[in-house]
Amino acid sequence: MILTGGLKSLLPHVLRRIIRCNRLSNTSGMAEGYKQANVVILHKSLADDFEKFCRANDGPLPLLYRSKPGDWKCPSLSSDSDIRTDCLQYRMYEHGACTGSLRSLEEYSEQLKDMVTFYLGCSFSFEKAVQNAGIPIRNVEQKCNVSMYKTAVPCYRVSAFHCNLVVTMRPIPESKLEAAVRATSELKEAHGAPIHMGDPGLLGIQNLSKPDYGDPVHLHPGDIPVFWACGVTGVEAIINCRAPLAFTHSPGCMFITDLKNDNTAVRSSRETPQVRCISQDPLHYSIVSAEAAQKIKTLETLIGIDPGDRGITHLCRQDELLKACLSISHARSVLITTGFPTHFTYEPPEENDGPPGALAIAAMLQALEKEVAIVTDQRAMNLNKKIIEEAVQLGILKRPVPLLSYQKESANSALMFLCKNGDPGRPRFDHLIAIERAGMAADGNYYNARKVNIKHLVDPIDELFLAAQTIPGVTTTGVGDGGNELGMGKVKDAVKKHIKNGDVIACDVEADFTIVAGVSNWGGYAIACALYILSTCEIHDRYLRKAVGFPQLSEKTVWLSALPSVTKEEKLLKTLVRHGVRSGKTASLEMEVDGLPFYNTHSLMIEKLL
């Protein structure tokens, strides 16, 4: 039966009566503005564990009501309902296998006396709110069921209940993404905000045209696939627990409640979600609260001050710190590089801008349980090994960071280094960060700020960043303070125009994100602080864990201990001096702390911001 305006506007109790004696296709678009529910019915001996499973995975399984054994009604959800007859269609499962589709459960009334019914929130409930925000609902337009897909995302296991997350997909015009997030984020009982926006492959979904449940929904030009957690996750859990007997609704054939889907929660402006694109290949968007975004913007402003009046303010690009850190936050494994041999007549030739910032990033990545490694020049391996060992002894790092070097031995050396067996589909790292790393100029040479060619001291690590541009899912960030650093190719035109000797020294190699700071170390500290801010942002945390499992805020103490500080920097700078590393900044940038060059005048301000 084709949906009509009448069915959309009918009250729930009237629709339930129609459902009892008619066969409709699905309940999408029906009883607009009222909550609909997924249904799971299982033996009372399994009920407590299933409720715990729902609480542990409340994105896909928001619990609206749990009945008592043998209770076919749900008075808090509806006045005259009977769960045996009030879904369009049911499925029966025996020992994990679907053994039939049923129009009614009345013939199983005796078995149902020992069974408990769970009513779980449904995304059909938020469709009216999305439409009210001026966003089309393509499955309603196309008069079909919503598309539902199994993902590769595991839910939090409770006893016998375990499965991967199931999601619904709705095509949303790119210009309406943020509106869709805001329209649904407060509707927690209807799955809340999306758990992914962009390439379905990032969820393990291979083909949008072949949903596991429901119907294919076609995208219009300019639409982005947006995924919400789905209550059919409960069906997958029932299958995997292999209960002797269980019943569920048939996907798309929901139980319609008498509850209005009003959003009564008052959301402060600081809790408003914002959407940012963090990758084009594969297409990927992320979510952050307005409050967290503003804090990171403040950090970006702090580090963008130009203490040497060298013209770096002309290089700054708004929101690069936020987008870079959102991308890093989603990464599993990060590769960091640093090292600028500006003191080419000394041994070692390194400057002390870069390593402290790199280690600050590494420390936060370790605290966030991400894999991290550092790649540097072969000639500097022993120096960096000693610095890392002392950083562990000083408590700056939790454990040693693997130290790597890169040499070009063949045309595909960079690909072999970045990917397992050189396969672009199996990258070892999701994100590359260069901080105060000498960058290759347009003529193939490497220059310090005074136009001195230092190519003989620099290994071709730029090639890794160039290769990363060809590997889907690998993104890059460059941090610099003068325009001749790796990754600054994104702003090379501004470098040539505004930076002294810029026409010669400008780095030609781009990064996806370019963070410009008065001192590169500040950029490293800002990345560490921004990752902390994102990790403590509930909106971002939920999006990262795909609304399954529990919030990670219990780790906040660990993250706090990994933050950069003036004390940590003082200790590390002393370590660098002991190993002969000199300051690379002009006297106008320096001040003395215990007789040592110490130019991070803003690190204390960053601490206070948090």
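Residues numbered from 1 in each chain as written. Predicted model: local features only at pLDDT ≥ 70, side-chain atom pairs only at ≥ 80, totals over all residues. Heavy atoms only, no water.

If you look the protein up in an unreviewed UniProt entry, it shows as D-glutamate cyclase, mitochondrial from Psophia crepitans. Entered under Sequence similarities (unreviewed entry) in the UniProt record, the comment concerning the protein runs "Belongs to the D-glutamate cyclase family." The Catalytic activity (unreviewed entry) comment attached to the protein in UniProt states, word for word, "D-glutamate = 5-oxo-D-proline + H2O". (UniProt positions renumbered as here; feature names shortened; annotations may be inferred.)

K.L.:
Please provide a residue-by-residue account of the confidence of the model for the protein, values included.
P.N.:
Looking at the protein, the pLDDT average stands at 91 and 92% of residues meet or exceed 70. Low confidence marks residues 586-602, where pLDDT is under 50. Its contacts with residues over four positions away, or in another chain, come to 39 contacts. (pLDDT = per-residue confidence, 0-100. Contact = heavy atoms within 4.5 Å.)

K.L.:
With reference to specific residues and values, describe the side chain of Ser-289.
P.N.:
Within the element layout of this structure, Ser-289 appears in strand S14 (residues 283-289). A distance of 3.0 Å separates a polar side-chain atom of Ser-289 from the backbone nitrogen of Ala-292. Apart from the residues within four sequence positions on either side, Ser-289 is in contact with Arg-270, Thr-272, Pro-273, Cys-537 and Ile-539. (Helix = DSSP H or I, 4+ residues; strand = E, 2+ residues; numbered from the N terminus. Polar contact = N/O pair within 3.5 Å; in protein donor to acceptor, adjacent residues only side chain to side chain.)

K.L.:
Describe in detail the packing of helix H11 (residues 355-367) against helix H20 (residues 566-578), supporting the description with residues and values.
P.N.:
When two helices pack together, their arrangement is given by the angle between the helix axes and by the axis-to-axis distance. Where H11 meets H20, the closest approach of the two axes is 10 Å, and the angle between their N-to-C directions is 130°. One finds that H11 runs oblique with respect to H20. Handedness of the crossing formed by H11 with H20: right-handed. When H11 is examined against H20, the residues Pro-355, Pro-356 and Leu-359 are found in contact with a partner set consisting of Leu-572, Leu-573 and Leu-576. Looking at the contact of H11 with H20 residue by residue, the classes come out as six nonpolar, no polar and no charged. (Axes fitted to C-alpha atoms, helices over the stretch in contact; angles between N-to-C directions. Parallel < 35°, antiparallel > 145°, perpendicular 65-115°, else oblique. Left-handed = near helix turned anticlockwise from the far one by under 90°. Nonpolar A, V, L, I, M, F, W, Y, C, P; charged D, E, K, R; others polar.)

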